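# Analysis of the macromolecular model
Spelled out from the first residue to the last, the chains are:
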Amino acid sequence: MVTTGIPKLDDYLGGGIPPGKTVLYYNHPGVEGDIFIIHALYHNILAGRKSIYLTLSSDPQIFREEFMSLGWKIEEHAEKFILIDAYSSLIGATSGEEYVVDNPEDIGNIDRIVRRALDDSDENLLLCCPLSAIMDLCGVEETLKVVVGWNNMVGDRGQNIIYHFTAWPYPSEVLERIKEELFNAVIEIGGIRERVIFGQYFAVVKADWTRATGKTVLFKVVRPGGVRLYIPKILVTGPFNAGKSSFVRALSTKSVSVDRNNTTVALDYGHVDHKGMSADIFGTPGQERFDPILRMLSSEAMGIFLVLDSTRPRDFERAKKMLEMARSYGLPYIIIANKQDLDGALSPDEIRRRFNVPDDVPIVPTIATEKKGVFEAFELLVERIMEDK
Amino acid sequence: MLDYSLGIPEVDEITGGVPKGTNIMLLGPPLTGKHLLIRHIIYHTIKEGDSAVLVSTRDTGDEIIEWFSEYLEEEERSRIGIVDCVTKSLGKNIHDKDVVKYASSPVDLTGIGIKISQFFEEFIRRRQIPKTILCIDSVSTLLMYTNIQTLFRFLHVFTGRVKLAGAIGIYVVDEGMHDDKSINTLKQLFPAVFEVKTDGEENHLRILGLGSKPTPWKRYEIDGVEVVIKSGE
Ligand SMILES: Nc1nc2c(ncn2[C@@H]2O[C@H](COP(=O)(O)OP(=O)(O)OP(=O)(O)O)[C@@H](O)[C@H]2O)c(=O)[nH]1
Ligand SMILES: [Mg+2]
């Protein structure tokens, strides 16, 4: 199977893109969706698959360097990566590429060169191209007719095409056709807006080989690294001295605490970057006099870690109250059974019984000061946040 | 006075300023200093404490920053965001910086749009600067690489974003480079026109579509970052 280069998206697609299938990234303007194509190209090139990109708006050399800006080297696999250059002639430059489109405003010319490139390879091939850019140059209907031809061709041969489409305000029937009819799978890449775009998401709108549609995931782009699933706010709460600040520190690549005399008076903040996922986490103070801060911090949170000192069951009532304060929106949460290294620490099972924890809420044993168990806990909570959507 | 002004008191007094969400076409023949007018407006905006995003199809980001460094402090320059459509199109590889982001080429409307959005997020959302302006210098160059429908769609999206953000937009169009049909198509997107003309020796400007009636033609000169209005017509 062809990979999208984004593990979570591959999961949603049932493992990847089966032979012969076409995928469209339906990208709302202003959102960084073009990078999804680079992910796909890079990971398929690495896997030894011949991969082709048709470039219309970028110099071929500049396009190759995009990989470098993400920290990815492709020189060693140069023979696997082929560019169809439809850009150079557009700006009147000469091309050094093997496949060149002399007249990019002529869909017939593009069609010929693309078909030649497809003919020159076996079934183990991925073609990526910018659909809206072709439409803009060659005309909407003319382009879509040719695209249907390509889709049929790769369908028969078991090759794959991934299209990138910027959803400019084309006529709505064109947008609908593109979203619903022409491709095996459509993945929407959009922005969360409030005056300006401040968050980006992708969602599987359809995939005709699997039922896993409707999944929505927030992401951001980091350089180097590329697309990261992103959780803007995870809350870490729990009673006084349970180990919340230690937990935030253990998870974070960057962190700050606003502490006085070793107790948190405002908040802990940390940024986690782990296995293609990233999150900002906020630790609350544990003492009751800071409860207004807990309420404030919990607005807009997407998930909660409730940290317990496993040796102090007498604090569990307080923990319950804190959870209720923070969970007014029914957020996914998991329980951290911290300080497992101390004598008298209750086991997760005992905590479940005494705390009356529902069966579907995980309890993860940790030793925050030794970073033990913290990343397992992170993965579990992220999983629950994603499934919740 | 309304939310924004152009920094030309003789004109702003008549129009009463520019309401937020306004998209303005800056229209005039080549060599009338439209380019410098844009820089003046950006300078004025920055001096007001606001921010500015400039999409440049002619000068590189570095050139523009260097030009402004004569007039603005570093903190002030950090409120300018430049979308450079030139450098990479010449095959020169370079990574985005805080004040300059690079689109692949003037053909790369998808990339230009992403960079504009990133600056909007940075200024309005992250740095909480309430007011910002978007300048595209120039629409005419973009039209050399793209047809009018395509550019119309692009501008349709971003004039909309300007409204949503409560910003204002200024779009440079060279007169005489496009047919009337194209100009009229574009005018649908721009309720206001900042018009300049030349009589061979001197330049004149006026504003249409702001305030109750057009401002009278005014003679002007540009001195560094200042627009100087001369007395008389
Ligand atoms: N032995 C052991 N000590 C821990 C563990 N986690 C935290 N501690 C210690 O417990 C104390 C409190 O940890 P913090 O992380 O400051 O706890 P907190 O929940 O942020 O406390 P407040 O902000 O005051 O509510 C510190 O002395 C930590 O070193 C653990 O897993 N094992
Ligand atoms: Mg603390």
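As a reminder, the structure under discussion sits directly above these lines.
Owing to the predicted nature of the structure, the values given are computational and were not obtained by experimental measurement. (Residues numbered from 1 in each chain as written. Chains lettered and ligands numbered in written order. Predicted model: local features only at pLDDT ≥ 70, side-chain atom pairs only at ≥ 80, totals over all residues. Heavy atoms only, no water.)

### Describing the pattern of salt bridges
Residue and element names in this part refer to chain A.
- Enumeration over the complete set of coordinates arrives at 31 salt bridges over all chains.
- Linking Lys-21 and Asp-208 is a salt bridge whose minimum nitrogen-to-oxygen distance equals 3.2 Å. Of this pair, Lys-21 sits in the loop between α1 (7–12) and β1 (22–27) while Asp-208 is found in the loop between β8 (196–207) and β9 (216–222), placing the two residues 187 residues apart along the sequence.
- According to the relative accessible area criterion, Lys-21 is partly exposed, its value standing at 21%.
- The partly exposed category is assigned to Asp-208, whose relative accessible area is 48%. (Salt bridge = Lys/Arg side-chain N within 4 Å of Asp/Glu carboxyl O. Helix = DSSP H or I, 4+ residues; strand = E, 2+ residues; numbered from the N terminus. Buried < 20%, exposed > 50% of the residue type's maximum accessible area, 1.4 Å probe, protein only.)

### Examining the sheet that holds strand β3 (residues 80–84) of chain B
All names here are of chain B.
- The strand order across the open sheet formed by 10 strands is β4-β3-β2-β5-β6-β1-β7-β8-β9-β10, and the pairing between neighbours is mixed. The open sheet has two free edges, formed respectively by β4 (100–102) and β10 (226–230), since each of these has just one partner strand. Adjacent strand axes in the sheet meet at a mean angle of 25° when their direction is disregarded.
- In the sheet, strand β7 (residues 192–198) pairs with strand β8 (residues 203–208) via 6 bridges, with the strands oriented antiparallel. Note on β8: the bridge partner recorded for Glu-195 is Arg-206.
- Helix-sheet contacts for helix α5 (residues 109–126) involve β2 (51–56), β3, β4 and β5 (132–137), and the interaxial angle to β3 is about 170°. (Pairing = 2+ DSSP bridges. Axes fitted to C-alpha atoms, helices over the stretch in contact; angles between N-to-C directions. Contact = heavy atoms within 4.5 Å.)

### Remarks on the packing of helix α6 (residues 140–157) of chain A against helix α7 (residues 172–180) of chain A
All names here are of chain A.
- For the pair α6 and α7, interaxial distance at closest approach is 12 Å and the crossing angle is 15°. Overall, the two elements α6 and α7 adopt an arrangement that is roughly parallel. Between α6 and α7 lies a crossing of left-handed hand. When α6 is examined against α7, the residues Val-140, Glu-141 and Leu-144 are found in contact with a partner set consisting of Val-174, Arg-177 and Ile-178. (Parallel < 35°, antiparallel > 145°, perpendicular 65-115°, else oblique. Left-handed = near helix turned anticlockwise from the far one by under 90°.)

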